[in-house]
Structure formats: structure tokens, C-alpha cells
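# Architecture and fold: a report
Residues per chain, in single letters:
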Amino acid sequence: MSGYASLAPADTDAEAAVLGACLIANAVPDGVAVLLAPEHFSREQNALIYRAMLALRSEGQPVDMITLIGALDKADALALFGGPGYVALLIERTPLSSHAPYYAGIVRRKAADRAMIDAAGQIARIAFDGEDSALSKAHDILAALDYDTEQAETGDLYDAIAGLTNPRPSGWSTGLGIIDHWLGRVGLVPGRSLVVSG
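In this report, the structure presented in the accompanying data block is examined. In this text, all values refer to a predicted model and were calculated from it rather than measured experimentally. (Residues numbered from 1 in each chain as written. Predicted model: local features only at pLDDT ≥ 70, side-chain atom pairs only at ≥ 80, totals over all residues. Heavy atoms only, no water.)

### Focus: the overall build of the chain
Along its length, the chain carries 9 helices and 0 strands. In sequence order, the chain lays out its α and β elements as α-α-α-α-α-α-α-α-α. Buried positions account for 32% of the 198 residues belonging to the chain. For the chain, the accessible area works out to roughly 11,800 Å², and carbon and sulfur atoms hold 57% of it. (Helix = DSSP H or I, 4+ residues; strand = E, 2+ residues; numbered from the N terminus. Buried < 20%, exposed > 50% of the residue type's maximum accessible area, 1.4 Å probe, protein only. Areas by Shrake-Rupley, 256 points an atom, 1.4 Å probe, with all protein chains shown as cover.)

Dropping the structure here:
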């Protein structure tokens, strides 16, 4: 993804807002901690700040401007983004601290988008190489994606890729769309047994 890094989906305002909301709340709320990991941030300095916030949280310390600046200074990381002014700016740029889980969701979705773009690039390279195990490798790449339950499901993507290389057999429609869908979108196929129970 290195060639597209500047075009990669990101919302740096949401990243700043979630960090600022944590500072205003003097804690990393559970609704944020379960959604976000440092690698979900597109800007390295934001990931570094969030990592320091999580460390403070795990130590049972308050997550405020003083403790955060102290932790970053101790790790010799404060100079990486211009000093304490950036931390103060995070608070200033936060519209409402109570919306931290919402901002975290935006950051998480953008991280998932970047991961999908990266996976698509890897799959394209595998396809161009023409390896015999290309479909299996593509499936492994898709399975490794960090899917949110509201995001796409790997099965649908895998089925789409598999359909390109292994066309589905044609069958007869049952006349009931939902049953045809459960039967792999092909209906009744000669040579396949179907057991219906209730």
C-alpha cells in the first residue's frame, strides 16, 4: 500500500477527537478500548499517543494531559509530534467527549478500509503471478482481515472469488428464492442429496 499511502482512507479529525475525548474524560472509556487498537490509527503519532493512553489505563492511572505528557516524555516520544502543544490541540479539537465511541467507530471503519485495500493489492499480485494455490492464498488473506461484525463477511467475498475460478453448477430453481439461496444460489442440482427436516 506504500504507493497509495497518501490516498488511503483516514479520518484524522475522528482520530484527534477520540484521543481528545479520552483526555477530557480522564480515561479511555470501555466503549473505545474494546473497539480500537493503536494500529487502527492512520497517523503514527496518534497511534503512539493511544498506546501511551492504554498503558496508563492498564496501570490504573488517570489519562489526562499531565500523565500523558509525562508518559510520552519518559518514552522520548514527545518530540516526535512537536511537544505538548499537539496534546493540548487534541482537547481543543474535540466537539463532545461523550461521542468517543462514535469517533472510535469511524477510526475503526477507516482502518478496515485500509486493510481491504492492502488485501486487494496482495490478492492482485497473487493473481498476476498465476500460482496454482492462488485461490487458497486469496482466501487466507481475506480471512486474516480484521472484520467488524457490521462490515462484510469473508464468505461472500470468498464465494465471489471462487465463482470466478470454479463456476457453480447450474440447477433447477425451487421457486422459493430463500431456499435457492441456501442451496448455494443454484437450486436443485442433479447428483446432490438434499435433506429437509423440521
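### Comments concerning the pattern of salt bridges
All chains considered together, the criterion is met by 2 salt bridges. With a shortest N-O distance of 2.4 Å, Arg93 and Asp13 are connected by a salt bridge. Note that Arg93 is positioned in the loop between α5 (84-92) and α6 (100-129) and Asp13 in helix α1 (residues 12-25), a separation of 80 residues in sequence. Relative accessible area serves as the criterion here: at 48%, Asp13 is assigned to the partly exposed category. (Salt bridge = Lys/Arg side-chain N within 4 Å of Asp/Glu carboxyl O.)

### Brief notes about a nonpolar patch on the surface
Nonpolar side chains collect at one region of the surface, where Trp172, Leu188 and Leu194 lie side by side and expose about 330 Å² of accessible area between them. As for its position among the elements, Trp172 is in the loop between α8 (154-165) and α9 (177-182). For Trp172, a relative accessible area of 55% gives the class exposed. (Patch = residues over 30% accessible without salt bridge, like charges linked within 9 Å, V, L, I, M, F, W, Y side chains within 5 Å.)

### Considering the nonpolar core
Grouped together as the largest cluster of nonpolar side chains are 33 residues, with contacts concentrated most on Val32, Ile49, Met53, Leu68 and Leu72. Counting residues per element, the ones that place at least two in this core are α1, α3 (44-58), α4 (65-74), α5 and α6. Considering each element in turn, this core owes the most residues, 8 residues, to α1. Grouped together as the second largest cluster of nonpolar side chains are 8 residues, Ala119, Ile141, Leu142 and Leu145 included. (Core = buried A, V, L, I, M, F, W, Y, C linked by side-chain atoms within 4.5 Å.)

### Focus on the packing of α1 against α5
Where α1 contacts α5, the two axes come as close as 7 Å, and the packing angle between them is 90°. Considering their axes alone, α1 and α5 lie roughly perpendicular with respect to each other. Between α1 and α5, the contacting residues are Ala16, Leu19, Gly20, Leu23 and Ile24 on the first element and Val87, Leu90 and Ile91 on the second. A breakdown of the residues in the contact of α1 with α5 according to their chemical character gives 7 nonpolar, 1 polar and no charged. (Axes fitted to C-alpha atoms, helices over the stretch in contact; angles between N-to-C directions. Parallel < 35°, antiparallel > 145°, perpendicular 65-115°, else oblique. Contact = heavy atoms within 4.5 Å. Nonpolar A, V, L, I, M, F, W, Y, C, P; charged D, E, K, R; others polar.)

### A few points about the environment of Glu131
Inspection of the secondary structure puts Glu131 in the loop between α6 and α7 (134-143). The residues touching Glu131, leaving out its near neighbours within four places in the chain, are Ile126 and Lys137.

### Some details on unusual backbone geometry
Phi at Asn26 is positive, roughly 60°, even though this residue is not glycine. We classify Asn26 as partly exposed; its relative accessible area is 41%. Positive phi, normally seen in glycine, also occurs at Asp76, with a value near 55°. Here Asp76 lies in the loop between α4 and α5. Asp76 sits in the exposed class, given a relative accessible area of 68%.

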